[in-house]
Every structure is written in C-alpha cells, then in structure tokens.
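# A structural walkthrough
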Amino acid sequence: QVQLVESGGGLVQAGGSLRLSCAASGRTFSSYAMGWFRQAPGKEREFVAAISWSGGSTYYADSVKGRFTISRDNAKNTVYLQMNSLKAEDTAVYYCAADFDRSRIGVRDILYDYWGQGTQVTVSS
C-alpha cells in the first residue's frame, strides 16, 4: 500500500510559477512510476505528466509540454511538478498517482493504483 500527500498548490498570477510536491510512504518509492493528473471544475480528470521509476523517462500532455517539468527524488520519496508560464486554463485540482507497473509510463488514470488527495492550483488572469 502507498500513501501520497500533495503540497505546493495555491493562487498565482498568469505567467507565474509553482512547484508541486508529492510525498510518498509505504511501498518502496523506486519500485513504481508516478504521474500527475488534474481536474478542473466541470471537466474530466486529465493526464498532465508521468515519470518512470528511475526518473530516466518522462512524458507530458501536449498542453503542458515545454512549461511543466516532472522529476523525482527517490532518496526523499518525493515527486515534483515544476509549473512555469502558468495560464488560467491550468487552474485545477492536481493529483499525484502511483503506478505499480514499472514497465510503462501510463497516461490513463485507470492504470494508476493509488492517488493523493489533491492540491488546488488557481491561476488568475
């Protein structure tokens, strides 16, 4: 079992930056891939970024490519999402998730086994 706790959300002006963190506990952190998803009001949850168990591979949604960076520190059991050049349309609750299948970097939420409680990101225009 894995517990995930996100932090770092908040209110920021358009063009600004935020860094989200997701602290994991339980199962060995380096044994699973991690992803970030988001859900805006009235919309379905969507994929944002994912990273392999080693950190050697990453994948991004087209909407955030070039602006967001996912990374992980296996020594600190933490995955990060650095968000730059934020736009109003990035406003959402952001969730981190753990995928126990080390062979892939999943973009579909049904592939993920555990989820955090979410952190709100609000970008004012």
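This text follows the structure it describes.
Worth saying up front: this structure is predicted, and the values here are computed from it rather than measured.

## What to know about unusual backbone geometry
Across residues other than glycine, the phi torsion is negative in most instances, and most of the peptide bonds are trans. A positive phi is found at Asn77, a non-glycine position, where the angle reads about 55 degrees. With respect to the secondary-structure elements, Asn77 resides in the loop between β7 (68–73) and β8 (78–83). Asn77 gets classed as partly exposed once you look at its relative accessible area, which sits at 30%. Unusually for a residue other than glycine, Ser85 sits at a positive phi of about 50 degrees.

## Some thoughts on the sheet that holds strand β3 (residues 18–26)
Pairing is antiparallel in the open sheet, where 4 strands are placed in the order β1-β3-β8-β7. The open sheet is flanked by β1 (2–7) and β7, the only strands paired with a single partner. The average angle at which neighbouring strand axes cross in this sheet is 15 degrees, direction not considered. In terms of strand pairing, β1 meets β3 through 6 bridges, oriented antiparallel. Residue pairing across strands places Val2 opposite Gly26, the latter belonging to β3.

## Focus on the packing of aromatic side chains
Counted under the stated rule, the structure contains 8 aromatic pairs. Between Tyr32 and Phe100 the ring centres are 5.5 Å apart and the planes differ by 55 degrees, which places this aromatic pair in the tilted class. Residue Tyr32 is found in the loop between β3 and β4 (33–39), and its partner Phe100 is found in the loop between β9 (92–99) and β10 (114–115); the two are separated by 68 residues along the sequence. When the centroid spacing of 5.5 Å and the interplanar angle of 45 degrees are considered together, the rings of Phe100 and Tyr114 count as tilted.

Quick notes on the rules
Residues numbered from 1 in each chain as written. Predicted model: local features only at pLDDT ≥ 70, side-chain atom pairs only at ≥ 80, totals over all residues. Heavy atoms only, no water. Helix = DSSP H or I, 4+ residues; strand = E, 2+ residues; numbered from the N terminus. Buried < 20%, exposed > 50% of the residue type's maximum accessible area, 1.4 Å probe, protein only. Pairing = 2+ DSSP bridges. Axes fitted to C-alpha atoms, helices over the stretch in contact; angles between N-to-C directions. Phe/Tyr/Trp six-rings, centres within 6.5 Å; stacked < 30°, edge-to-face > 60°.

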